Amino acid sequence: MKLQGTMSVKGNELYIGGVGCKELRDKYKTPLYVFDEELVRNNCKEYIKHFKVNENKNRVAYAGKAFLPIYMCKLIAEEGLYLDVVSGGELFTVYKSGFPMEKVLFHGNNKTIDEIEMGVSLGVGRFVVDNYYELELLQSICEQKNKIQSIYFRITPGIEAHTHDYIQTGQIDSKFGFALSNGDLQDALENIKKYENINLVGLHAHIGSQIFDVAPYLDEVEIMMNLVKEIKQQHDINIEEVDLGGGVGVYYTESDEPKTIKEFCSEIIKKVDDVCKDINISVPILIIEPGRSIVANGGSTIYTVGSIKDIKDVRTYVSVDGGMTDNIRPSLYQAGYECSIANKMGIDKNNKVTIAGKCCESGDILITDVDVMDIESGDILIMSSTGAYGYSMSSNYNKIIKPAVVSVKDGKSKLICKRESFEDLLRLEIAD
Ligand SMILES: *Cc1c(COP(=O)(O)O)cnc(C)c1O
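Just so it is clear, the structure is predicted and the values come from calculations on it, not from any experiment.

A. Quick peek at the packing of helix α8 (residues 184-191) against helix α9 (residues 215-235). Viewed as axis vectors pointing N to C, α8 and α9 meet at an angle of 45°, and their least axial separation amounts to 11 Å. In terms of axis orientation, α8 runs oblique to α9. Here α8 and α9 pass one another in a crossing that is right-handed. Across the interface between the two elements, Leu185, Gln186, Leu189 and Glu190 from α8 touch Leu227, Glu230, Ile231, Gln234 and His235 from α9. A class-by-class count of the residues in the contact of α8 with α9 yields four nonpolar, three polar and two charged.

Structure representation (C-alpha coordinates):
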(Lines give C-alpha, C1' and ligand atoms only; values in the text may rest on other atoms or scores of the structure.)
Protein backbone atom coordinates (compact mmCIF):
# COMPACT_ATOMS: atom_id res chain seq x y z
CA MET A 1 0.00 0.00 0.00
CA LYS A 2 1.34 3.38 -0.97
CA LEU A 3 1.71 5.68 2.03
CA GLN A 4 -0.37 8.80 1.48
CA GLY A 5 -0.04 12.23 3.05
CA THR A 6 1.07 12.09 6.69
CA MET A 7 1.12 8.27 6.87
CA SER A 8 4.28 6.89 8.47
CA VAL A 9 5.46 3.63 9.96
CA LYS A 10 6.89 3.34 13.49
CA GLY A 11 7.94 -0.10 14.58
CA ASN A 12 5.44 -2.25 12.75
CA GLU A 13 2.56 0.13 13.15
CA LEU A 14 1.00 2.59 10.73
CA TYR A 15 0.46 6.16 11.92
CA ILE A 16 -1.72 8.78 10.25
CA GLY A 17 -1.45 12.41 11.27
CA GLY A 18 0.91 11.21 13.97
CA VAL A 19 -1.73 8.95 15.54
CA GLY A 20 -1.25 5.18 15.65
CA CYS A 21 -3.90 2.91 14.19
CA LYS A 22 -4.01 0.79 17.37
CA GLU A 23 -4.86 3.87 19.41
CA LEU A 24 -7.55 4.80 16.86
CA ARG A 25 -9.05 1.34 17.03
CA ASP A 26 -9.02 1.23 20.83
CA LYS A 27 -10.47 4.70 21.21
CA TYR A 28 -13.07 4.77 18.43
CA LYS A 29 -13.63 1.10 17.49
CA THR A 30 -13.87 -0.14 13.90
CA PRO A 31 -14.85 0.28 11.13
CA LEU A 32 -13.56 3.83 11.25
CA TYR A 33 -12.98 6.47 8.60
CA VAL A 34 -9.74 8.30 9.28
CA PHE A 35 -9.39 11.75 7.77
CA ASP A 36 -5.89 13.12 7.15
CA GLU A 37 -6.63 16.80 7.55
CA GLU A 38 -3.19 18.03 6.54
CA LEU A 39 -3.33 16.17 3.21
CA VAL A 40 -6.77 17.57 2.41
CA ARG A 41 -5.80 21.12 3.34
CA ASN A 42 -2.66 20.82 1.22
CA ASN A 43 -4.73 19.75 -1.78
CA CYS A 44 -6.97 22.79 -1.31
CA LYS A 45 -3.92 25.03 -1.16
CA GLU A 46 -2.45 23.44 -4.30
CA TYR A 47 -5.66 24.15 -6.22
CA ILE A 48 -5.87 27.72 -4.94
CA LYS A 49 -2.28 28.34 -5.96
CA HIS A 50 -2.11 26.65 -9.33
CA PHE A 51 -5.59 27.50 -10.54
CA LYS A 52 -4.58 31.12 -10.02
CA VAL A 53 -7.34 32.03 -7.62
CA ASN A 54 -5.52 35.07 -6.30
CA GLU A 55 -3.92 36.36 -9.51
CA ASN A 56 -6.78 35.76 -11.95
CA LYS A 57 -9.83 35.73 -9.64
CA ASN A 58 -10.49 32.14 -10.69
CA ARG A 59 -12.47 29.90 -8.33
CA VAL A 60 -12.10 26.40 -7.00
CA ALA A 61 -15.41 24.84 -5.98
CA TYR A 62 -15.18 21.68 -3.91
CA ALA A 63 -17.76 19.13 -5.09
CA GLY A 64 -19.47 18.36 -1.79
CA LYS A 65 -20.95 15.07 -2.89
CA ALA A 66 -17.54 13.43 -2.44
CA PHE A 67 -17.58 13.94 1.36
CA LEU A 68 -19.66 16.52 3.18
CA PRO A 69 -19.71 16.54 6.97
CA ILE A 70 -20.15 20.01 8.51
CA TYR A 71 -16.51 19.79 9.59
CA MET A 72 -15.52 19.53 5.92
CA CYS A 73 -17.69 22.54 4.97
CA LYS A 74 -15.86 24.61 7.59
CA LEU A 75 -12.47 23.42 6.35
CA ILE A 76 -13.44 24.33 2.78
CA ALA A 77 -14.54 27.79 3.92
CA GLU A 78 -11.26 28.32 5.78
CA GLU A 79 -9.24 27.33 2.73
CA GLY A 80 -11.13 29.84 0.58
CA LEU A 81 -12.86 27.45 -1.81
CA TYR A 82 -16.38 27.61 -3.19
CA LEU A 83 -18.73 24.66 -2.74
CA ASP A 84 -20.93 22.62 -5.10
CA VAL A 85 -24.15 21.09 -3.85
CA VAL A 86 -26.55 18.80 -5.69
CA SER A 87 -29.53 18.41 -3.38
CA GLY A 88 -31.60 20.06 -0.67
CA GLY A 89 -29.83 17.90 1.92
CA GLU A 90 -26.39 19.05 0.85
CA LEU A 91 -27.62 22.61 0.70
CA PHE A 92 -29.00 22.34 4.23
CA THR A 93 -25.73 20.88 5.54
CA VAL A 94 -23.67 23.63 3.94
CA TYR A 95 -26.04 26.31 5.25
CA LYS A 96 -25.95 24.88 8.79
CA SER A 97 -22.15 24.94 8.71
CA GLY A 98 -22.24 28.71 8.30
CA PHE A 99 -20.66 28.56 4.85
CA PRO A 100 -21.01 31.79 2.84
CA MET A 101 -24.01 31.08 0.61
CA GLU A 102 -22.84 33.37 -2.18
CA LYS A 103 -20.00 30.89 -2.69
CA VAL A 104 -22.38 27.96 -3.27
CA LEU A 105 -23.14 26.52 -6.70
CA PHE A 106 -26.33 24.51 -6.99
CA HIS A 107 -26.17 21.62 -9.46
CA GLY A 108 -28.54 18.84 -10.41
CA ASN A 109 -30.55 17.68 -13.40
CA ASN A 110 -33.84 17.56 -11.56
CA LYS A 111 -33.97 20.07 -8.74
CA THR A 112 -37.39 19.93 -7.13
CA ILE A 113 -39.60 22.95 -6.56
CA ASP A 114 -38.78 22.78 -2.84
CA GLU A 115 -35.07 22.64 -3.53
CA ILE A 116 -35.22 25.59 -5.91
CA GLU A 117 -37.21 27.63 -3.39
CA MET A 118 -34.72 26.75 -0.69
CA GLY A 119 -31.74 27.67 -2.86
CA VAL A 120 -33.24 31.03 -3.84
CA SER A 121 -34.26 31.86 -0.25
CA LEU A 122 -30.86 30.97 1.16
CA GLY A 123 -29.12 33.10 -1.43
CA VAL A 124 -27.13 30.49 -3.32
CA GLY A 125 -24.55 32.27 -5.49
CA ARG A 126 -25.08 30.40 -8.74
CA PHE A 127 -27.71 28.00 -9.95
CA VAL A 128 -26.32 25.70 -12.60
CA VAL A 129 -29.45 25.38 -14.71
CA ASP A 130 -29.71 22.04 -16.44
CA ASN A 131 -32.84 22.30 -18.57
CA TYR A 132 -35.84 24.33 -19.67
CA TYR A 133 -38.16 23.00 -17.01
CA GLU A 134 -35.78 24.21 -14.31
CA LEU A 135 -35.38 27.57 -16.03
CA GLU A 136 -39.16 28.11 -15.99
CA LEU A 137 -39.47 27.06 -12.36
CA LEU A 138 -36.57 29.20 -11.28
CA GLN A 139 -38.01 32.26 -13.05
CA SER A 140 -41.42 31.90 -11.42
CA ILE A 141 -39.96 31.27 -7.96
CA CYS A 142 -37.61 34.25 -8.25
CA GLU A 143 -40.49 36.41 -9.43
CA GLN A 144 -42.58 35.44 -6.40
CA LYS A 145 -39.68 36.14 -4.08
CA ASN A 146 -38.68 39.26 -5.96
CA LYS A 147 -35.10 38.11 -6.40
CA ILE A 148 -32.64 38.11 -9.26
CA GLN A 149 -30.71 34.84 -9.54
CA SER A 150 -27.37 34.48 -11.30
CA ILE A 151 -27.09 31.28 -13.25
CA TYR A 152 -24.86 29.19 -15.47
CA PHE A 153 -26.20 26.99 -18.20
CA ARG A 154 -24.98 23.44 -18.01
CA ILE A 155 -23.79 22.40 -21.43
CA THR A 156 -23.31 18.90 -22.79
CA PRO A 157 -20.16 19.57 -24.77
CA GLY A 158 -20.00 16.21 -26.53
CA ILE A 159 -16.96 14.97 -24.66
CA GLU A 160 -17.23 11.96 -22.45
CA ALA A 161 -14.11 11.05 -20.55
CA HIS A 162 -13.45 7.93 -18.59
CA THR A 163 -10.45 6.76 -16.71
CA HIS A 164 -8.19 5.86 -19.54
CA ASP A 165 -9.78 7.21 -22.67
CA TYR A 166 -12.40 9.60 -23.89
CA ILE A 167 -14.76 10.00 -26.77
CA GLN A 168 -16.06 12.98 -28.63
CA THR A 169 -19.31 12.66 -30.44
CA GLY A 170 -21.70 15.11 -32.01
CA GLN A 171 -24.64 14.16 -29.90
CA ILE A 172 -24.02 12.50 -26.64
CA ASP A 173 -26.36 10.37 -24.67
CA SER A 174 -26.55 12.23 -21.36
CA LYS A 175 -29.16 13.10 -18.79
CA PHE A 176 -27.27 16.26 -17.94
CA GLY A 177 -27.37 19.69 -19.48
CA PHE A 178 -28.44 21.51 -22.61
CA ALA A 179 -27.15 19.68 -25.65
CA LEU A 180 -25.14 21.66 -28.14
CA SER A 181 -26.11 19.36 -30.95
CA ASN A 182 -29.92 19.53 -30.95
CA GLY A 183 -30.45 23.27 -30.72
CA ASP A 184 -31.60 23.24 -27.08
CA LEU A 185 -28.93 25.67 -26.04
CA GLN A 186 -29.60 28.03 -28.95
CA ASP A 187 -33.27 28.06 -28.02
CA ALA A 188 -32.56 28.83 -24.41
CA LEU A 189 -30.17 31.62 -25.35
CA GLU A 190 -32.66 33.20 -27.72
CA ASN A 191 -35.27 33.30 -25.01
CA ILE A 192 -33.16 34.10 -21.98
CA LYS A 193 -33.96 37.82 -21.97
CA LYS A 194 -37.63 37.03 -21.37
CA TYR A 195 -36.66 35.57 -18.03
CA GLU A 196 -36.52 38.84 -16.18
CA ASN A 197 -35.42 37.49 -12.81
CA ILE A 198 -32.59 35.50 -14.25
CA ASN A 199 -29.11 36.69 -14.97
CA LEU A 200 -27.08 34.36 -17.18
CA VAL A 201 -23.43 34.92 -16.25
CA GLY A 202 -21.70 31.68 -17.09
CA LEU A 203 -21.45 28.30 -18.73
CA HIS A 204 -20.72 25.00 -17.07
CA ALA A 205 -19.72 21.55 -18.25
CA HIS A 206 -18.53 18.44 -16.44
CA ILE A 207 -17.00 15.73 -18.59
CA GLY A 208 -16.57 12.77 -16.25
CA SER A 209 -14.68 11.48 -13.26
CA GLN A 210 -11.37 9.82 -12.37
CA ILE A 211 -9.79 11.27 -15.54
CA PHE A 212 -6.00 11.04 -15.85
CA ASP A 213 -5.54 12.61 -19.23
CA VAL A 214 -5.60 16.39 -19.55
CA ALA A 215 -6.46 16.22 -23.30
CA PRO A 216 -10.25 16.00 -22.87
CA TYR A 217 -10.12 19.12 -20.67
CA LEU A 218 -8.16 20.95 -23.32
CA ASP A 219 -10.80 20.04 -25.89
CA GLU A 220 -13.46 21.15 -23.45
CA VAL A 221 -11.69 24.50 -23.07
CA GLU A 222 -11.66 24.90 -26.84
CA ILE A 223 -15.39 24.19 -27.12
CA MET A 224 -16.36 26.40 -24.18
CA MET A 225 -14.29 29.41 -25.20
CA ASN A 226 -15.60 29.29 -28.74
CA LEU A 227 -19.09 29.13 -27.32
CA VAL A 228 -18.43 32.24 -25.23
CA LYS A 229 -17.48 34.06 -28.42
CA GLU A 230 -20.44 32.76 -30.38
CA ILE A 231 -22.90 33.73 -27.63
CA LYS A 232 -21.52 37.27 -27.61
CA GLN A 233 -21.75 37.54 -31.39
CA GLN A 234 -25.12 35.91 -31.86
CA HIS A 235 -26.99 36.91 -28.73
CA ASP A 236 -25.02 39.84 -27.35
CA ILE A 237 -24.66 38.13 -23.97
CA ASN A 238 -21.42 38.47 -22.02
CA ILE A 239 -20.39 35.18 -20.53
CA GLU A 240 -18.03 36.18 -17.74
CA GLU A 241 -17.57 32.88 -15.96
CA VAL A 242 -16.69 29.46 -17.38
CA ASP A 243 -16.93 26.42 -15.14
CA LEU A 244 -15.00 23.42 -16.42
CA GLY A 245 -16.36 20.91 -13.89
CA GLY A 246 -14.43 18.31 -11.91
CA GLY A 247 -13.13 14.81 -12.52
CA VAL A 248 -9.38 14.99 -11.96
CA GLY A 249 -8.13 11.45 -11.35
CA VAL A 250 -6.33 10.17 -8.25
CA TYR A 251 -4.19 7.24 -7.15
CA TYR A 252 -6.01 4.19 -5.87
CA THR A 253 -3.71 1.39 -7.03
CA GLU A 254 -0.43 0.98 -8.88
CA SER A 255 -2.16 1.09 -12.25
CA ASP A 256 -3.21 4.71 -11.63
CA GLU A 257 -0.77 7.39 -12.71
CA PRO A 258 -2.35 10.72 -11.92
CA LYS A 259 -0.85 14.05 -12.83
CA THR A 260 -0.28 16.49 -10.01
CA ILE A 261 -2.79 19.24 -9.27
CA LYS A 262 -0.16 21.69 -10.45
CA GLU A 263 0.29 19.96 -13.82
CA PHE A 264 -3.43 19.74 -14.42
CA CYS A 265 -4.20 23.32 -13.50
CA SER A 266 -1.27 24.84 -15.37
CA GLU A 267 -2.06 23.02 -18.60
CA ILE A 268 -5.71 24.04 -18.45
CA ILE A 269 -4.95 27.67 -17.67
CA LYS A 270 -2.38 27.89 -20.42
CA LYS A 271 -4.83 26.41 -22.91
CA VAL A 272 -7.49 28.94 -21.93
CA ASP A 273 -5.00 31.78 -22.44
CA ASP A 274 -3.96 30.41 -25.83
CA VAL A 275 -7.48 29.84 -27.11
CA CYS A 276 -8.74 33.22 -25.91
CA LYS A 277 -5.82 34.91 -27.64
CA ASP A 278 -6.43 32.94 -30.84
CA ILE A 279 -10.10 33.76 -31.08
CA ASN A 280 -9.65 37.23 -29.66
CA ILE A 281 -11.85 37.24 -26.57
CA SER A 282 -10.96 38.32 -23.05
CA VAL A 283 -10.19 35.54 -20.61
CA PRO A 284 -13.23 34.74 -18.46
CA ILE A 285 -13.18 33.87 -14.77
CA LEU A 286 -12.55 30.13 -14.60
CA ILE A 287 -14.07 27.69 -12.15
CA ILE A 288 -12.92 24.13 -11.50
CA GLU A 289 -14.87 21.68 -9.34
CA PRO A 290 -12.65 18.99 -7.82
CA GLY A 291 -14.23 16.50 -5.44
CA ARG A 292 -12.26 13.28 -5.52
CA SER A 293 -8.89 14.93 -6.05
CA ILE A 294 -9.36 16.95 -2.84
CA VAL A 295 -10.45 14.19 -0.46
CA ALA A 296 -9.91 10.68 -1.86
CA ASN A 297 -6.32 10.17 -0.71
CA GLY A 298 -7.08 11.93 2.57
CA GLY A 299 -9.41 9.21 3.79
CA SER A 300 -8.63 5.68 4.93
CA THR A 301 -10.85 3.05 6.47
CA ILE A 302 -9.67 0.81 9.27
CA TYR A 303 -11.39 -2.48 9.92
CA THR A 304 -10.89 -5.37 12.31
CA VAL A 305 -10.24 -8.71 10.67
CA GLY A 306 -12.72 -11.42 11.66
CA SER A 307 -13.12 -14.79 10.02
CA ILE A 308 -10.48 -16.11 7.65
CA LYS A 309 -11.54 -18.86 5.28
CA ASP A 310 -8.94 -20.73 3.36
CA ILE A 311 -10.55 -22.57 0.46
CA LYS A 312 -7.81 -24.86 -0.82
CA ASP A 313 -6.67 -24.14 -4.38
CA VAL A 314 -9.37 -21.49 -4.76
CA ARG A 315 -8.79 -18.49 -2.52
CA THR A 316 -8.60 -17.21 1.01
CA TYR A 317 -11.41 -14.96 2.16
CA VAL A 318 -10.54 -12.46 4.88
CA SER A 319 -13.69 -10.90 6.28
CA VAL A 320 -13.77 -7.49 7.92
CA ASP A 321 -16.33 -5.76 10.13
CA GLY A 322 -17.57 -3.43 7.36
CA GLY A 323 -17.98 -3.69 3.61
CA MET A 324 -20.30 -2.40 0.91
CA THR A 325 -22.23 -0.36 3.48
CA ASP A 326 -19.22 1.88 4.16
CA ASN A 327 -17.62 1.51 0.72
CA ILE A 328 -19.94 0.66 -2.15
CA ARG A 329 -17.45 1.53 -4.89
CA PRO A 330 -15.92 -1.94 -5.38
CA SER A 331 -19.37 -3.57 -5.70
CA LEU A 332 -20.87 -0.70 -7.68
CA TYR A 333 -18.18 -0.24 -10.28
CA GLN A 334 -15.34 -2.63 -9.60
CA ALA A 335 -13.23 0.14 -8.10
CA GLY A 336 -9.77 -1.01 -7.04
CA TYR A 337 -8.09 -0.29 -3.71
CA GLU A 338 -4.93 -1.12 -1.81
CA CYS A 339 -4.77 -2.34 1.74
CA SER A 340 -2.30 -3.23 4.42
CA ILE A 341 -2.23 -4.63 7.93
CA ALA A 342 -1.79 -1.55 10.08
CA ASN A 343 -0.28 -3.47 13.00
CA LYS A 344 2.16 -5.48 10.84
CA MET A 345 3.76 -2.92 8.59
CA GLY A 346 7.14 -3.75 7.13
CA ILE A 347 6.61 -7.50 7.38
CA ASP A 348 7.04 -9.51 4.20
CA LYS A 349 3.96 -9.91 2.07
CA ASN A 350 3.45 -13.52 1.23
CA ASN A 351 -0.27 -14.12 1.23
CA LYS A 352 -2.75 -13.57 -1.56
CA VAL A 353 -6.18 -13.00 -0.09
CA THR A 354 -9.57 -11.56 -0.95
CA ILE A 355 -11.02 -8.99 1.43
CA ALA A 356 -14.73 -9.56 1.98
CA GLY A 357 -17.34 -7.42 3.70
CA LYS A 358 -19.92 -8.65 6.19
CA CYS A 359 -23.08 -8.02 4.15
CA CYS A 360 -25.35 -10.79 2.95
CA GLU A 361 -24.35 -10.37 -0.69
CA SER A 362 -21.76 -12.45 -2.54
CA GLY A 363 -20.84 -9.23 -4.35
CA ASP A 364 -19.76 -7.60 -1.09
CA ILE A 365 -16.05 -7.92 -1.81
CA LEU A 366 -13.75 -4.99 -1.06
CA ILE A 367 -10.56 -6.19 -2.76
CA THR A 368 -10.01 -9.33 -4.84
CA ASP A 369 -6.65 -11.13 -4.74
CA VAL A 370 -4.42 -8.70 -2.89
CA ASP A 371 -1.01 -9.46 -1.41
CA VAL A 372 -0.79 -8.97 2.34
CA MET A 373 1.41 -9.92 5.27
CA ASP A 374 0.55 -12.91 7.45
CA ILE A 375 -2.94 -12.14 8.57
CA GLU A 376 -4.81 -13.20 11.69
CA SER A 377 -8.21 -12.52 13.18
CA GLY A 378 -8.01 -9.36 15.27
CA ASP A 379 -5.53 -7.60 12.98
CA ILE A 380 -6.26 -4.06 11.84
CA LEU A 381 -6.79 -3.89 8.10
CA ILE A 382 -6.49 -0.48 6.49
CA MET A 383 -7.79 0.46 3.05
CA SER A 384 -6.32 3.70 1.76
CA SER A 385 -7.87 6.39 -0.44
CA THR A 386 -11.45 5.87 0.70
CA GLY A 387 -11.99 9.56 1.39
CA ALA A 388 -14.17 10.33 -1.63
CA TYR A 389 -17.52 8.67 -2.31
CA GLY A 390 -17.07 6.41 0.72
CA TYR A 391 -18.82 7.94 3.69
CA SER A 392 -21.04 9.99 1.39
CA MET A 393 -22.29 6.83 -0.34
CA SER A 394 -22.62 4.75 2.81
CA SER A 395 -25.88 2.97 3.61
CA ASN A 396 -27.62 1.05 6.35
CA TYR A 397 -28.14 -2.12 4.35
CA ASN A 398 -28.52 -5.13 6.66
CA LYS A 399 -29.18 -2.47 9.34
CA ILE A 400 -25.48 -1.98 9.66
CA ILE A 401 -24.66 1.25 11.44
CA LYS A 402 -22.51 3.90 9.79
CA PRO A 403 -18.94 4.15 11.07
CA ALA A 404 -17.55 7.17 12.87
CA VAL A 405 -15.25 9.65 11.14
CA VAL A 406 -12.20 10.92 12.95
CA SER A 407 -9.82 13.65 11.86
CA VAL A 408 -6.13 13.17 12.69
CA LYS A 409 -3.55 15.93 12.72
CA ASP A 410 -0.30 16.68 14.56
CA GLY A 411 -0.54 13.64 16.81
CA LYS A 412 -4.12 14.30 17.86
CA SER A 413 -7.41 12.75 16.86
CA LYS A 414 -10.81 14.44 16.83
CA LEU A 415 -14.18 12.85 16.28
CA ILE A 416 -16.02 14.67 13.47
CA CYS A 417 -18.95 12.30 12.89
CA LYS A 418 -20.19 9.96 15.61
CA ARG A 419 -20.71 6.27 14.97
CA GLU A 420 -24.39 5.53 14.51
CA SER A 421 -26.18 3.70 17.29
CA PHE A 422 -28.84 1.04 16.97
CA GLU A 423 -31.30 3.61 18.34
CA ASP A 424 -30.37 5.90 15.43
CA LEU A 425 -31.45 3.14 13.07
CA LEU A 426 -34.96 3.29 14.47
CA ARG A 427 -35.37 7.04 14.70
CA LEU A 428 -37.67 7.28 11.68
CA GLU A 429 -39.88 4.38 12.52
CA ILE A 430 -43.46 4.67 13.62
CA ALA A 431 -44.22 1.38 15.22
CA ASP A 432 -47.89 1.80 16.01
C1 LIG B 1 -19.32 14.88 -9.39
C2 LIG B 1 -19.14 16.24 -9.92
C3 LIG B 1 -17.94 16.92 -9.68
C4 LIG B 1 -16.78 16.30 -8.97
O5 LIG B 1 -16.23 15.22 -9.63
P6 LIG B 1 -14.88 14.54 -9.07
O7 LIG B 1 -14.64 13.42 -10.00
O8 LIG B 1 -15.16 14.09 -7.68
O9 LIG B 1 -13.82 15.60 -9.12
C10 LIG B 1 -17.84 18.21 -10.14
N11 LIG B 1 -18.86 18.82 -10.80
C12 LIG B 1 -20.02 18.18 -11.04
C13 LIG B 1 -21.11 18.90 -11.75
C14 LIG B 1 -20.21 16.88 -10.61
O15 LIG B 1 -21.36 16.26 -10.86
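Having seen the model, we can carry on.
B. Seen up close, empty space enclosed by the protein. In this structure the tally under the stated criterion is one cavity of 30 Å³ or more. Put simply, the largest cavity is a space of about 70 Å³. Forming the boundary of the largest cavity are Tyr33, Val34, Phe35, Phe67, Gly299, Ser300, Thr386, Gly387, Tyr391 and Val405. It is strand β4 (residues 32-36) that contributes the most residues to the lining of the largest cavity, three residues altogether.

C. Highlighting the site of the ligand. Surveying the vicinity of the ligand reveals 15 residues, the closest of which are Lys65, Ser209, Glu289, Arg292 and Tyr389. Between a nitrogen atom of the ligand and a side-chain N or O atom of Glu289, the distance comes to 2.7 Å. Notes on the ligand: free accessible area 390 Å², of which the protein chains cover 93%. With respect to the detected pockets, the ligand is housed in the largest pocket. Residues that form the shell around the ligand fall into these classes: three nonpolar, seven polar and five charged.

The rules we used
- Each chain carries its own residue numbering, running from 1 in the direction its sequence is written.
- With the structure being a predicted model, the display of local features is reserved for residues of pLDDT at least 70 and the display and counting of side-chain atom pairs for 80 or more, all residues being used for whole-chain, interface and lining totals.
- Processing note: side-chain calculations cover all non-hydrogen atoms of the structure and skip hydrogens and water entirely.
- The convention used is that axes are lines fitted to C-alpha atoms, helices contributing only their stretch in contact, and that angles between N-to-C directions extend from 0 to 180 degrees.
- Secondary structure follows DSSP: runs of H or I at least 4 residues long count as helices, runs of E at least 2 residues long count as strands, and numbering of each begins at the N terminus.
- In what follows, roughly perpendicular refers to angles from 65 to 115 degrees, roughly parallel to angles under 35, roughly antiparallel to angles over 145, and oblique to any angle outside these ranges.
- Crossing handedness is defined as follows: a turn of the near helix away from the far one that is anticlockwise and smaller than a right angle gives a left-handed crossing, while the clockwise case is right-handed.
- Throughout, a residue-residue contact means that at least one pair of heavy atoms, one from each residue, lies within 4.5 Å.
- The residue classification treats Ala, Val, Leu, Ile, Met, Phe, Trp, Tyr, Cys and Pro as nonpolar and Asp, Glu, Lys and Arg as charged. All others, Gly included, are polar.
- Cavity means a closed set of points on a 1 Å grid over the protein atoms alone, one where a 1.4 Å probe fits but cannot get out, pocket means an open set with protein on both sides within 12 Å along at least 5 of 7 lines, and lining means a residue has an atom within 4 Å of a point.
- Grid points are joined across faces, edges and corners, and a volume is the space filled by probe spheres set on the points.
- Near is defined per residue: the residue qualifies when any heavy atom it owns lies within 4 Å of the molecule or strand.
- Polar contact is the term for a pair of N or O atoms within 3.5 Å; when the atoms are in protein, one must be able to donate a hydrogen and the other to accept it, and sequence-neighboring residues count only if both atoms are side-chain atoms.
- Where accessible areas are quoted, they stem from the Shrake-Rupley method and a 1.4 Å probe; at the residue level, only the protein chains shown are allowed to cover.
- Those molecules having more than half of their atoms within 2 Å of a cavity or pocket grid point set are described as sitting in that cavity or pocket.

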